[in-house]
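Secondary and tertiary structure notes
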Amino acid sequence: MTRLTYRDAGVDIEAGDALVDRIKPLARSTDRSGTMGGLGGFGALFDLRAAGFQDPVLVSSTDGVGTKLRLAIDARHHSTVGIDLVAMCVNDLVVQGAEPLFFLDYFATGALDVAQAADVVSGIAEGCRQAGCALVGGETAEMPGMYHKGDYDLAGFSVGAAERGALLPTGDVGPGDVVLGLGASGVHSNGYSLVRRIIETGNAGLTDPAPFAAGRTLGEALLEPTRIYVKPVLALHRAGLVKAAAHITGGGLPGNLPRVLPEGTMAVIQAGSWPVPPVFAWLARTGGVEPEEMLRVFNCGIGMCVVVEPENVEAAVALLKEHGDTAHRIGVIEVGEGPEPEVRMEGLSAAWPN
């Protein structure tokens, strides 16, 4: 009679244990006030009072990296997608006025490659350090038959908190308020199914020189991690300078900015009021993508928007500069044409790079 083991079925328990040993110091490097215990328990504990909160409301978010993972796997570059994973969650927390407190990850693969998984988790730890939140736990799932060799999937989960009276938006956004745009580091983590299709139709290779980024391969340039906006937006919020904020992800400016605007308002956005990174011109030109479609799919150079009162624009721009962010005055809030909040783009055809 054949005596089978879990390893015979494709699951290596020892490899999983080795991964935990490698990532424990990464998790410890993200410790912050409020964390309790370490990896290895059945659950993670967090002390809100020790983190300085008196009457907190918890805010939660979950997300993934999408098909940007396919590029990372094909390019064999795994150390930055973890930053993307954290960014996609914590940027969604901060726009609600919440400080990210802790993060958990889910890593699934067919056969565990300890070095590959450790590279991914090193990026997650770096993202947590940038966001000021603790990596308190996660799950590594080895599932033979579910994934091709070398493939993996990621999901992230983050929890933040805000004092009960300090949630965003403030509720008094209205005509005359100014929209500031914070620059994106690149494509971030949305639209990569279209990016991959453009690469395919343009007969480009990930190891080819990037036409829009000197000294980098196409794969390296397209894997530039998502910018984490937690610290600058929290600084604005704590200074009382922001009324609303929107993380510009899938759906672009037209799809995300209305989510934080009240009924009966419209954000009028002036194209050409911010520099569009050259990667977007390359994507538009190589794929023959129309400007309206580019704006609907990609961030097009604006990864975060904040709405401020006109008299606070100068102070907000200066504070963002202190945190290393360049803010562009990209639009204004006006009375809407209907009950639903919306975005109107002006000057698009003239301003869009080609």
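Residues numbered from 1 in each chain as written. Predicted model: local features only at pLDDT ≥ 70, side-chain atom pairs only at ≥ 80, totals over all residues. Heavy atoms only, no water.

- Within an unreviewed UniProt entry, the label attached to the protein reads Phosphoribosylformylglycinamidine cyclo-ligase, and the organism entered is Roseomonas indoligenes.
- Entered under Sequence similarities (unreviewed entry) in the UniProt record, the comment concerning the protein runs "Belongs to the AIR synthase family." (UniProt positions renumbered as here; feature names shortened; annotations may be inferred.)

**Description of the overall build of the protein**
- Within the protein, the regular secondary structure consists of 12 helices and 12 strands.
- Scaling as 2.2 N^0.38, a compact globule of 354 residues should have a C-alpha radius of gyration of about 20 Å, and the protein matches this with 22 Å.
- Across its three principal axes, the protein shows a C-alpha extent of roughly 80 × 55 × 35 Å.
- Looking at the protein as a whole, 51% of its 354 residues are labelled buried. (Helix = DSSP H or I, 4+ residues; strand = E, 2+ residues; numbered from the N terminus. Rg over C-alpha atoms; globule rule 2.2 N^0.38 Å. Buried < 20%, exposed > 50% of the residue type's maximum accessible area, 1.4 Å probe, protein only.)

**Looking at the pairing of strand β9 (residues 265–270)**
- For β9, a buried count of five out of six residues is recorded, marking the element as mostly surrounded by other parts of the structure.
- Pairing geometry for β9 and strand β12 (residues 342–346), over five bridges, is parallel. Note that in β12 the partner of Gln-270 across the bridge is Glu-346. (Pairing = 2+ DSSP bridges.)

**Observations regarding helix α2 (residues 68–75)**
- The complete set of buried residues in α2 reads Lys-68, Leu-69, Leu-71, Ala-72 and Ile-73.
- Buried residues in α2 make contact with α3 (81–94), β6 (152–163), α5 (192–201) and α6 (218–222).
- Of the residues one or two after α2, Arg-76 is the one with positive phi, at around 55 degrees. (Contact = heavy atoms within 4.5 Å.)

**Regarding the packing of α3 against helix α7 (residues 230–238)**
- Put simply, α3 and α7 touch, their axes get as near as 10 Å, and they point 5 degrees apart. What the angle tells us is that α3 and α7 run roughly parallel. Together, Val-90, Asn-91 and Val-94 of α3 and Val-230, Val-233 and Leu-234 of α7 make up the contact between the two elements.
- For the contact of α3 with α7, a count of residues per class yields five nonpolar, one polar and no charged. (Axes fitted to C-alpha atoms, helices over the stretch in contact; angles between N-to-C directions. Parallel < 35°, antiparallel > 145°, perpendicular 65-115°, else oblique. Nonpolar A, V, L, I, M, F, W, Y, C, P; charged D, E, K, R; others polar.)

**Some thoughts on the layout of surface pockets**
- Put simply, the largest pocket is a space of about 580 Å³.
- Along the wall of the largest pocket there are 27 residues; nearest its centre are Val-20, Ile-23, Gly-138, Glu-139 and Thr-140.
- Elements with a minimum of two residues in the lining of the largest pocket: α1 (13–28), β4 (99–109) and β5 (134–142).
- Looking at the lining of the largest pocket, its residues break down into 14 nonpolar, eight polar and five charged. (1 Å grid on protein atoms, 1.4 Å probe; cavity = no way out; pocket = protein on both sides within 12 Å on 5 of 7 lines; lining within 4 Å. Points joined across faces, edges and corners; volume = space filled by probe spheres on them.)

**Here's the deal with the packing of aromatic side chains**
- With the rule as written, the count across this model stands at four aromatic pairs.
- Ring centres of Phe-212 and Trp-282 lie 5.5 Å apart, and the angle between their planes is 45 degrees; on these two criteria the pair is classed as tilted. Of the two residues, Phe-212 is situated in the loop between α5 and α6 and Trp-282 in helix α9 (residues 278–287); the sequence distance between them amounts to 70 residues. Neither Phe-212 nor Trp-282 differs from the other in exposure class; each is buried. (Phe/Tyr/Trp six-rings, centres within 6.5 Å; stacked < 30°, edge-to-face > 60°.)

**Some remarks on the side chain of Thr-249**
- With respect to the helices and strands, the residue Thr-249 is situated in the loop between β8 (244–247) and α8 (252–256).
- Overall, Thr-249 belongs to the buried group, its relative accessible area being 12%.
- Residues contacting Thr-249, with those up to four places away along its chain left out, are Met-88, Asn-190, Asn-256 and Val-297.

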